[in-house]
Amino acid sequence: MVARADKVTDPGIVAGLLLARRGQAYFSRKVTELRDDQLAEPSLLPGWTRAHVVAHVGLNARALTRLTQWAATGVETPMYASAEERDREIELAATLPVRAIRTLSDHAAVHLTVEWRDLKAEAWRHEVRTAQGRLVPVSETVWMRTREVWLHAVDLDNGGRLDDFPPELVDALLLDLVTVWRRRGAGLDLALTPTDRDWTIAVSDDARTVATGTAVQLVAWGAGRVRAGSSGGVRVGHRPAPPAPPWL
Ligand code: ZN
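Everything quoted here is computed from the prediction, not taken from an experiment.

Parameters and conventions
Residues numbered from 1 in each chain as written. Predicted model: local features only at pLDDT ≥ 70, side-chain atom pairs only at ≥ 80, totals over all residues. Heavy atoms only, no water. Salt bridge = Lys/Arg side-chain N within 4 Å of Asp/Glu carboxyl O. Helix = DSSP H or I, 4+ residues; strand = E, 2+ residues; numbered from the N terminus. Donors = N, O, S within 2.8 Å, 3.2 Å for Na, K, Ca; no water. Tetrahedral: all angles 85-135°; square planar, octahedral: opposite > 155°, others 65-115°. Buried < 20%, exposed > 50% of the residue type's maximum accessible area, 1.4 Å probe, protein only. Axes fitted to C-alpha atoms, helices over the stretch in contact; angles between N-to-C directions. Parallel < 35°, antiparallel > 145°, perpendicular 65-115°, else oblique. Left-handed = near helix turned anticlockwise from the far one by under 90°. Contact = heavy atoms within 4.5 Å. Nonpolar A, V, L, I, M, F, W, Y, C, P; charged D, E, K, R; others polar. 1 Å grid on protein atoms, 1.4 Å probe; cavity = no way out; pocket = protein on both sides within 12 Å on 5 of 7 lines; lining within 4 Å. Points joined across faces, edges and corners; volume = space filled by probe spheres on them. Pairing = 2+ DSSP bridges.

A. How the structure looks around the pattern of salt bridges. Applying the stated criterion across every chain yields a total of 16 salt bridges. Between R86 and D87 there is a salt bridge; the shortest N-O distance is 2.6 Å. Taking the shortest distance from any N to any O, the salt bridge between R147 and D176 comes out at 3.1 Å. Here D176 lies in helix α6 (residues 167–184) and R147 lies in helix α5 (residues 140–155), a separation of 29 residues in the sequence.

Put into structure tokens, the structure is as follows:
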């Protein structure tokens, strides 16, 4: 057997791949810990069972595999045919026998890893289109996957916690929240000050509304991972913060 290694050399992408793989291992472990009958139980995502989450994470790997193949071949292949098609596919996959859902999730993850591993160093800058229609270098798929596997592991609601996340992931999530809010709502009056970091990050330059909490609390709040009606410990001034703006 010849040892197979990643072809990418960019240190940022190499570090990103490591975080994505750790996240995949974390997600897969949480799925393995669930008995078959527990997959039919609710997840933390409104309207979704755990089976929906596992099916969605598998289908997400397939969609990101399509983008990686696009970068490798130059032949345009969208993530999903349409938003409706994506949702329909998740609903359908969630009704599959549990064994098939587990297999989908595992196989799709392995396939994506292989496509990333074999993508030539120069192809990592190739532009592809996200489901939202943005053109991004295909290297962005690594972060897109990272976000999915870590957060959805928590959504499974069987012991996964944001407190388990590596600090560099928590920081990257805070940056992602602010980046998405900036792109969405021009001039949104909001800054985040994590009490366990020595920096503040603002959505707009003249932001006067400052949300404070630990970095993990701010991620949970910003990503909509707090109980309904709770700010999860995040405050604006002396009051519990209002619900965060929508993220993804
Ligand atoms: Zn997702």
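B. Quick look at the coordination of the zinc ion. Within the protein, the zinc ion binds to H56 (NE2), E148 (OE), E148 (OE) and H152 (NE2); these donor distances fall in the range 2.1 to 2.8 Å. Relative to the metal, the four donor atoms surrounding the zinc ion lie at angles of 51 to 126°, and the coordination shape comes out irregular. Positions of the donor residues of the zinc ion along the chain correspond to the pattern H-x91-E-x3-H. Taken together, the positions of E148 and H152, both in helix α5 and four residues apart, correspond to about one turn of that helix. This pair shows no difference in class: E148 is buried, exactly as H152 is.

C. Highlighting the packing of helix α1 (residues 11–33) against α5. Contact geometry of α1 with α5 gives a least axis separation of 8 Å together with a crossing angle of 30°. Classed by the angle they form, the pair α1 and α5 counts as roughly parallel. In the crossing of α1 with α5, the sense of the turn from one axis to the other is left-handed. Counted together, G16, L17, L19, A20, R22, G23, Q24, Y26, F27 and K30 of α1 and V142, R145, T146, V149, W150, H152 and A153 of α5 form the full contact between these two elements. Counted by class, the contact of α1 with α5 contains nine nonpolar, five polar and three charged residues.

D. Seen up close, the packing of helix α2 (residues 50–73) against helix α3 (residues 83–94). Where α2 meets α3, the axes come as close as 8 Å, and the angle between the chain directions of the two elements is 125°. Taken together, the axes of α2 and α3 lie oblique to each other. Our pair here, α2 against α3, has a crossing hand that is right-handed. Contact with α2, carried on its side by A51, H52, A55, H56 and L59, involves R86, E89, I90, E91, A93 and A94 of α3 and no other residues of that element.

E. Spatial organisation of the environment of A121. With respect to the secondary-structure elements, A121 resides in the loop between α4 (98–118) and β1 (127–129). Using a relative accessible area of 30% as the deciding quantity, one classes A121 as partly exposed. Distance in space between the C-alpha atoms of A121 and L34 is 38 Å, their sequence separation being 87 residues. Excluding its chain neighbours within four sequence positions, the residues that come into contact with A121 are K7, V8 and T9.

F. Seen up close, the environment of R29. Along the polypeptide, R29 turns up in helix α1. Since its relative accessible area comes to 45%, R29 is described here as partly exposed. For R29 and T209, which are 180 residues apart along the polypeptide, the C-alpha to C-alpha distance reads 39 Å.

G. Spotlight on empty space enclosed by the protein. On inspection of all chains with the given rule, the structure shows one cavity of 30 Å³ or more. Roughly 60 Å³ of internal volume is contained in the largest cavity. Taken together, A20, R21, Q24, A109, L112, T113, W116 and R145 make up the lining of the largest cavity. For the lining of the largest cavity, the secondary-structure elements that each account for two or more residues are α1 and α4. Top contributing element to the lining of the largest cavity by residue count: α4, with four residues. Here the residues of the lining of the largest cavity sort into four nonpolar, two polar and two charged.

H. Main features of the pairing of strand β5 (residues 210–213). Alternating residues of β5 divide into A211 and G213, all buried, and V210 and T212, none buried. Bridge count between strand β3 (residues 191–194) and β5: four bridges; the pairing is parallel. Within β5, the residue paired with A191 across the bridge is V210. Where β5 meets strand β6 (residues 235–236), two bridges bridge the pair, whose relative direction is antiparallel.

I. Geometry of the sheet that holds β5. Pairing is mixed across the open sheet formed by five strands, whose spatial order is β4-β3-β5-β6-β7. Single-partner strands in this sheet number two, and they are β4 (201–202) and β7 (239–240). For β6 and β7, the ladder comprises two bridges, and the chain directions are antiparallel. Residue pairing for β7: V236 is matched across the bridge by R239. The strands touched by helix α7 (residues 215–222) within the sheet are β3 and β5, with β5 carrying the most contacts at an inclination of about 125°.

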